[in-house]
Amino acid sequence: MVVVKKGIVVGLLWVIASAAWAKEDPTFINEQQEDEIINLAYTKMRASIGTLERKIDECKALAKDTTLDPALFQSLPLTKQEARTALGYFRSYAEDKCEGKELWAKIAMEFAQFKHIEKLYKGENIIETESYLEMICCMSARSHFETIWRYLKIAPEIREELERMPELQEPFNAIATARKMGLF
């Protein structure tokens, strides 16, 4: 008898708990709530993109008026092509450091999450995002990796010296610097 009573109590508790959990189940979210969740994901992504856009503007302003001293590479046995490669590499490195790779990665993740949530609730992606993910992840990937590849062909001891130069760690105007160094 005690076993039957315990079974009934456990069964009753299970029914009550299931009913409570069902209210939390996303399949019970109505269309307005779905739209609110989608909007939350979109708003979060857009806020991060706004932060990145401001950061990019700050970094461009820092680089705009900063031209490196032509004597910077004179002590190193670099060909003109290697000097151009080093400038391109460090321009990209300083830009990434200034803007923050973490912020770029955060936006890529938020974009993917937004697209997933939208498709989950609506069955398709409806909101026009102007190909943000492609721009965020892949717009300059080819030139970025080609620059790294070329840079790695410079002798390791010369790369070590370049990497110790603090001027190359901060944003700078690569075109004005290359002109000033006679690399164009």
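Use the structure listed above.
Residues numbered from 1 in each chain as written. Predicted model: local features only at pLDDT ≥ 70, side-chain atom pairs only at ≥ 80, totals over all residues. Heavy atoms only, no water.

Enquirer: Where do I start with the pattern of salt bridges in this structure?
Expert: Pairing is possible between side chains that carry opposite charge, provided their charged atoms lie close to one another. All told, the structure shown has 10 salt bridges when counted by the stated rule. Across the pair E146 and R150 runs a salt bridge, and its minimum N-O distance is 4.0 Å. In this pair, E146 and R150 are both assigned in helix α6 (residues 141–152), 4 residues apart and thus about one turn of the helix distant. Members of the salt-bridge network, linked through shared partners, are E31, D35 and K122. (Salt bridge = Lys/Arg side-chain N within 4 Å of Asp/Glu carboxyl O. Helix = DSSP H or I, 4+ residues; strand = E, 2+ residues; numbered from the N terminus.)

Enquirer: What is the right way to read the packing of helix α2 (residues 31–64) against helix α4 (residues 101–122) from this model?
Expert: Two measures define how a pair of helices packs: the angle their axes make with one another and the distance between the axes. The contact between α2 and α4 brings their axes to 9 Å, and the two run at 160°. Taken together, the axes of α2 and α4 are roughly antiparallel relative to one another. Along this stretch, α2 crosses α4, giving a crossing that reads as left-handed. Class assignment of the residues belonging to the contact of α2 with α4 gives a composition of 15 nonpolar, 2 polar and 8 charged. (Axes fitted to C-alpha atoms, helices over the stretch in contact; angles between N-to-C directions. Parallel < 35°, antiparallel > 145°, perpendicular 65-115°, else oblique. Left-handed = near helix turned anticlockwise from the far one by under 90°. Nonpolar A, V, L, I, M, F, W, Y, C, P; charged D, E, K, R; others polar.)

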